[in-house]
Amino acid sequence: MAKQGIMTALILAGALGPAAAFAQGLNLNRPLRFPETPSTPSLNFYGLPGLVDLPSGEAMPDGQLGVTVSHFAGQTRTTLTFQALPRVTAAFRYIGLQDINIGGFETYRDRSFDVRFQLLREGDYVPAVSVGLQDFAGTGIYAAEYVAATKNFDRPFGLSGRVKVTAGLGWGRLAGVGDIGAPFGSDRPGFDPADNGGSPATDQWFRGPAAPFAGIEWLVNDRLGIKAEYSTDAYVLETRQGVFERDSRLNFGIEYQYSDRLRLGGYWLYGSEIGVSAQVQFNPRRPATPKVLSGPRPIIERPSRASNPQAWSTDWAASQASQGVIRDAMAPELAEQGIRLIALSASASQAELRIQNNRYRNTSVAVGRAARTMARVLPASVETFRITTMQNDLPQGTVVIQRAALERLEFEPDSSGQLLARTRFESAQPDLPGASILPDTHPKFNWSIGPYLSPSYFDPDEPIRADAGIAAEFRYRFAPGWLVAGEVRARALGNIENGRLSNSVLPRVRTDGVLYAAETDFPIENLYIAHQWKPSENTFARVTAGYLESFFGGVSAELLWKPNTSRLALGVEANYARQRDFDQLFGFQDYDVLTGHVSAYYELGDDYLVQVDAGRYLAGDHGATFTLTREFTNGWRVGGFFTLTDVSSEEFGEGSFDKGISLTIPVDWLLGRPSNRTTTTSIRPVRRDGGARLSVPGRLYEQVRDGQQNALVESWSRVWE
Amino acid sequence: MTSPLRTISRMGIAALITALLVACSGGTGQNQSQVAALIQIREVIKTNREIKNAKPREVTREVIDQIGQTLVEVEVPRRDLTGYFFLDSVRGPVQVWVDSSGAHLVLREGLVTGTRGVGDDLKSSSYASTLEAIKRGSGTSRRQYFVANGLGQQDQINATCTYSMLGAETLSIYGLTHATRKVRESCRTDSGQEFQNTYWIETSSGLVRQSSQWISPQIGHFDLRILNTSQS
């Protein structure tokens, strides 16, 4: 069994020359030009698949994300689009209409949501057909509904490339001209800029006149496209306010695929205006940098009992010292692979290893690497490997693997599926009795100093405000399950304090950001002590106290029930919160509140997480928050949430109720190097005081789930990596 | 009605830029902060630039003999890349070859049945009926490929392949000649994609001296050659 490493080659070669010759290796880090991605339709000015102002019947590939910025006649639309399901396209848009002078604003800014459902997929003779709602919640300046059908023709009449023909019927804004009557009733309320908006206007969908529209897109080759459409949008409001003159119903455009993700376009609209657009589409499936992980060490097969019976002796298990020896042999090999050994307990036939995964996006990779190290180091008599993954001193779950399966299956077809069939998942016990624990596990101290950027969105006067400066933070884990942490900021510059003051009639739990920003340049962002532990094999608990977030301090306690093999988790959290002084130092204001929630989490299918939290919010309102998130195994998450409480939409203010989208991007998707970090951002069209939850650091569900059965099985194909 | 950024002074901006450049973190545990992520990004950019600028040296008969071990040379036509692998371990009929970037190539009697660390890896594949058909040079076999997709999971691709003998061919590899017989494998996946693999089997040893094998939809083919030293 020859094992010749690269180091041997270096020594034999006598110089670094030949080995350095192969320094680049087979690392396929260079992205391909136009890799074989599924073909995706181009997007329109509203950010959805379509022509210029018109929608089409098509959908993007499942899981695709698009960002479109379009501009003409002082109207800028910025849209984020997500193909949430193979047939469901969802979009969130921010618009700016310059010089329009309505509702008291010279430049009118607004947010809107769209959804499109594909009824029919395109077939040989059948067009793709979709029904869509445009700007269905909000103040409705772009409100429209439509049914659209699109058919692709390859090389028609000898032309090169492909032609897409779209035809459809539109309501609302898409029935501005040329309507053919009102099939579902003519009662349609008009646009009212003074309306708070925010609620779906179900009483107006598909009401009022309907008008047919049509258009053609000619994809000359894989870079160039030409669009022409007959648009039924009359732009009544904009032309009346003198924003532009509409001379024609026809729009034309040329689009150019600049790179495999970016498409640029120039257009001639309504016979009088030039327009431009830039659209970027990408898919979590195709990383910005292809992921590369150095291969693992091989599994050493045990000698057969007949050839080496000594290797199989169990005498070593009797001595306590041998635990330490094995532990010390494993710890450095695991550390080199980004895995921290926390505890080990080995008996003659079984061994349990407790580890923390510090490197890999998916815990399954860490479990596989740990199993290989156990197979290399443990004496032959140990047949059963139990691997428990930990996160911040919480045992998440236990994986039970048979050593014989590891030895036999590594190079077999569907090696990961075969191994999974012989693997068991159990709830992790809070403690490992008789375990040998590494001496330097605690205390652990981390600190960092660096820049920060704190954005604030969608102020009517300024779409993005931001503060930036230097932040210093520390985390001190002085004993298992205990943490003291804090962050202090020094604001260097920013414009959040210049925003509008709150006009909220509710306790101003979230809308006083302007006052906090104006009061001090050196806030203590947070400073708290937390303790978390596992009371039983299926429950997790946490208590946190201190200055928990920018605006509130107090005490928070949480209990989570999540058995390893269950898709359902239940939790309860209770908090006492007091509003912090505007100077964000150690003082408090008078306003205090008891808040708390009962939560249910359900991992639906392979890709979705549904969460419902019901309880009392910071402004004293009662209600529930509903969240649906699409999660990809590579760390990407896209989700939407909304909260309904007993606060009326008038009391809530603009937007009527709290809602938003969240986006989580895994850092290794961008870098191509293994990393388990992510960056998450939440975008709310409007930030008001209703439905506001206390922002507590270290909530339990996310700490626990990536080491449990669902997450491991999802990514089990990586176990041999 | 736009508001200017509050101008604290040039000092504020200078402080920010300095902070970005010297952003640092430390301590004894795992650092989860945004700053640590920024630092990692900085390191990756540096390393990628180094990799791009490294010039591979040309491989000749002298270089192979100087290294003194058998190498597997792998060319990836679609990516215009070449890698050189050293034998790392043997488990019965399975050999694991490793290159300097830590990529693994799993060969079973000359058939590529897995890759690791290459990107868009072949996680595992069937082999039994395929090896038999290659040796025979005729007949058909069903192949299953288990390929990584970008989401951390695997896709299964099934293909039906037919085999034919293409006669004898003498190969010249870096100055050494090898007499081989050529076998063609023509495959069609269940979804309609077609590809062809070729194997040059050394008549003296039965070793697959050279081959062109389809790995996965993203990678395309590997062109492999086994480079012996002059002494072996």
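Residues numbered from 1 in each chain as written. Chains lettered and ligands numbered in written order. Predicted model: local features only at pLDDT ≥ 70, side-chain atom pairs only at ≥ 80, totals over all residues. Heavy atoms only, no water.

1. Section: the overall build of chain A
Stated formally: Counting from the N terminus, the helices are DSSP H or I runs at least four residues long and the strands are E runs at least two residues long. The size measure is the radius of gyration over C-alpha atoms, and the globule rule it meets is 2.2 Å times the number of residues to the 0.38 power. Note on exposure labels: buried denotes an accessible area under 20% of the residue type's maximum, exposed denotes more than 50%, and partly exposed covers the range between, all computed with a 1.4 Å probe on protein chains only. The contact criterion used throughout is that any non-hydrogen atoms of two residues lie within 4.5 Å. With residues, only the protein chains shown are counted as cover, and all accessible areas are computed by Shrake-Rupley using a 1.4 Å probe. Positive charges are assigned to Lys and Arg, negative charges to Asp and Glu, while His and the chain termini are left out of the count. A charged residue contributes its charge at one atom only: NZ of Lys, CZ of Arg, CG of Asp or CD of Glu.
On a plain count of helices and strands, chain A comes out with 12 helices and 31 strands. On C-alpha atoms alone, chain A measures out to a radius of gyration of 30 Å, which is about the 27 Å that the 2.2 N^0.38 rule sets for 721 residues. Dimensions along the principal axes, computed over C-alpha positions, put chain A at roughly 95 × 75 × 50 Å. Across the 721 residues of chain A, 55% fall into the buried class. Long-range contacts, defined here as pairs at least 24 residues apart, represent 59% of the contacts in chain A between residues at least 6 apart. Carbon and sulfur atoms make up 58% of the accessible area of chain A, which amounts to about 28600 Å² in all. Computed over 71 positive and 79 negative side-chain charges, the inter-centroid distance for chain A is 7 Å.

2. As for the state of the cysteines
All names here are of chain B. Going by this rule: Sulfur atoms of two cysteines make up a disulfide when they are within 2.5 Å.
According to the stated counting rule, one finds 1 disulfide over all chains in the structure shown. The partner cysteine of Cys161 in its disulfide is Cys187, sulfur to sulfur 2.1 Å. Between Cys161 and Cys187, the disulfide has an S-S torsion of 110 degrees and is therefore right-handed. Separated by 26 residues along the polypeptide, Cys161 in strand S9 (residues 154-173) and Cys187 in strand S10 (residues 176-189) bring together distant segments of the chain. Comparing Cys161 with Cys187 shows no difference in burial state: the two are buried.

3. What about the sheet that holds strand S5 (residues 128-134) of chain A?
Residue and element names in this part refer to chain A. Our working rule: Strands qualify as paired when DSSP identifies two bridges or more between them. Only the contacting stretch of a helix is used when fitting its axis, a line to C-alpha atoms as for every element, and angles between N-to-C directions run 0 to 180 degrees.
The strand order around the closed barrel formed by 12 strands is S1-S2-S3-S4-S5-S6-S7-S8-S9-S10-S11-S12, and the pairing between neighbours is antiparallel. Across the sheet, the mean angle from the axis of one strand to that of its neighbour is 20 degrees, orientation sign disregarded. Across 6 bridges, the pairing between strand S10 (residues 250-257) and strand S11 (residues 262-269) is antiparallel. What sits directly across from Glu255, in S11, is Gly265.

4. Let's talk about the packing of helix H4 (residues 321-336) of chain A against helix H5 (residues 363-377) of chain A
All names here are of chain A. Counted only if it meets this: Oblique is the label for any angle not covered by the other classes, which are roughly parallel (under 35 degrees), roughly antiparallel (over 145) and roughly perpendicular (65 to 115). Crossing handedness is defined as follows: a turn of the near helix away from the far one that is anticlockwise and smaller than a right angle gives a left-handed crossing, while the clockwise case is right-handed.
Two elements in contact, H4 and H5, have axes whose closest approach is 10 Å; the angle formed by their N-to-C orientations is 140 degrees. Accordingly, the angle class assigned to the pair H4 and H5 is oblique. Seen from above, H4 lies across H5 with right-handed handedness. Together, Ile326, Ala329, Met330, Glu333 and Leu334 of H4 and Ala370, Thr373, Met374, Arg376 and Val377 of H5 make up the contact between the two elements.

5. What about the nonpolar core?
As a rule of thumb, soluble globular proteins bury nonpolar side chains together. What counts is decided by this rule: Buried Ala, Val, Leu, Ile, Met, Phe, Trp, Tyr and Cys residues form a nonpolar core when they are joined through side-chain atoms within 4.5 Å.
Formed by 38 residues in total, the largest nonpolar core has its most connected members in Met330, Leu353, Leu378 and Leu419 of chain A. The set of elements that each furnish at least two residues to this core consists of H4, strand S13 (339-346), strand S14 (350-357), H5, strand S15 (384-391), strand S16 (394-402) and helix H6 (403-409) of chain A. Looking at this core element by element, the count peaks at 7 residues for H5 of chain A. If sequence neighbours within four positions are ignored, Leu378 of chain A has contacts with Ile326, Met330, Ala346, Ala351, Phe385 and Arg403 of chain A. Core analysis: the next-biggest nonpolar cluster, separate from the first, contains 35 residues, Trp97, Leu131, Cys161 and Cys187 of chain B among them.

6. Side note on helix H4 (residues 128-136) of chain B
All names here are of chain B. Going by this rule: The directions considered for the arc run from the helix axis to the C-beta atoms.
Looking only at H4, the buried set comprises Thr130, Leu131, Ala133 and Ile134. Seen from one end, H4 has its buried residues packed into an arc of 165 degrees, which puts them on one side. When the buried face of H4 is taken as reference, the exposed residues oriented beyond 90 degrees from it are Ala128 and Lys135. Contact partners of the buried residues in H4: strand S5 (104-108), strand S6 (111-116), strand S8 (139-148), S9, S10 and strand S11 (194-202). Just beyond H4, the residue with positive phi is Gly137, at close to 75 degrees.

7. Observations regarding the pattern of salt bridges
All names here are of chain A. As a reminder of what qualifies: Take a side-chain nitrogen of Lys or Arg and a carboxyl oxygen of Asp or Glu: if they are within 4 Å of each other, that pair is a salt bridge.
If you walk through the whole model with that rule in mind, you get 54 salt bridges over all chains. Two residues, Asp62 and Arg630, come together in a salt bridge whose shortest N-O distance is 2.9 Å. One end of the pair, Asp62, is in the loop between helix H2 (17-21) and strand S1 (65-72); the other, Arg630, is in strand S28 (residues 622-631), with 568 residues separating them in the sequence. A residue is classified by how much of its surface remains accessible, and Asp62, at 31% relative accessible area, is partly exposed. A salt bridge links Glu426 to Arg386, with the shortest nitrogen-to-oxygen separation between them at 3.0 Å. Residue Glu426 is located in strand S17 (residues 423-426), and its partner Arg386 is located in strand S15; the two are separated by 40 residues in the primary sequence. What makes Glu426 partly exposed here is its relative accessible area of 23%. The buried category is assigned to Arg386, whose relative accessible area is 14%. One continuous salt-bridge network, built from bridges that share partners, spans Arg542, Glu558, Glu573, Asp613, Arg693 and Arg699.

8. Quick look at H5 of chain A
Here is the rule we go by: To estimate the expected span of a helix, count its residues, drop one, and scale the result by 1.5 Å.
When the terminal C-alpha atoms of H5 of chain A are compared, their 21 Å separation across 15 residues agrees well with the 21 Å that a helix rising 1.5 Å per residue should span. The element H5 of chain A is largely enclosed, with a buried count of 13 among its 15 residues.

9. What about the pairing of S1 of chain A?
All names here are of chain A. Sheet topology note: the S1/strand S12 (residues 273-282) ladder contains 8 bridges and is antiparallel. Residue pairing in the sheet places Ser70 in a bridge with Ser277 of S12. Direction of pairing for S1 relative to strand S2 (residues 75-85): antiparallel, over a ladder of 8 bridges. Bridged to Val69 within S2 is Thr78. The antiparallel hairpin formed by S1 and S2 contains 2 residues in its connecting segment, where Ala73 sits at a positive phi of about 45 degrees.

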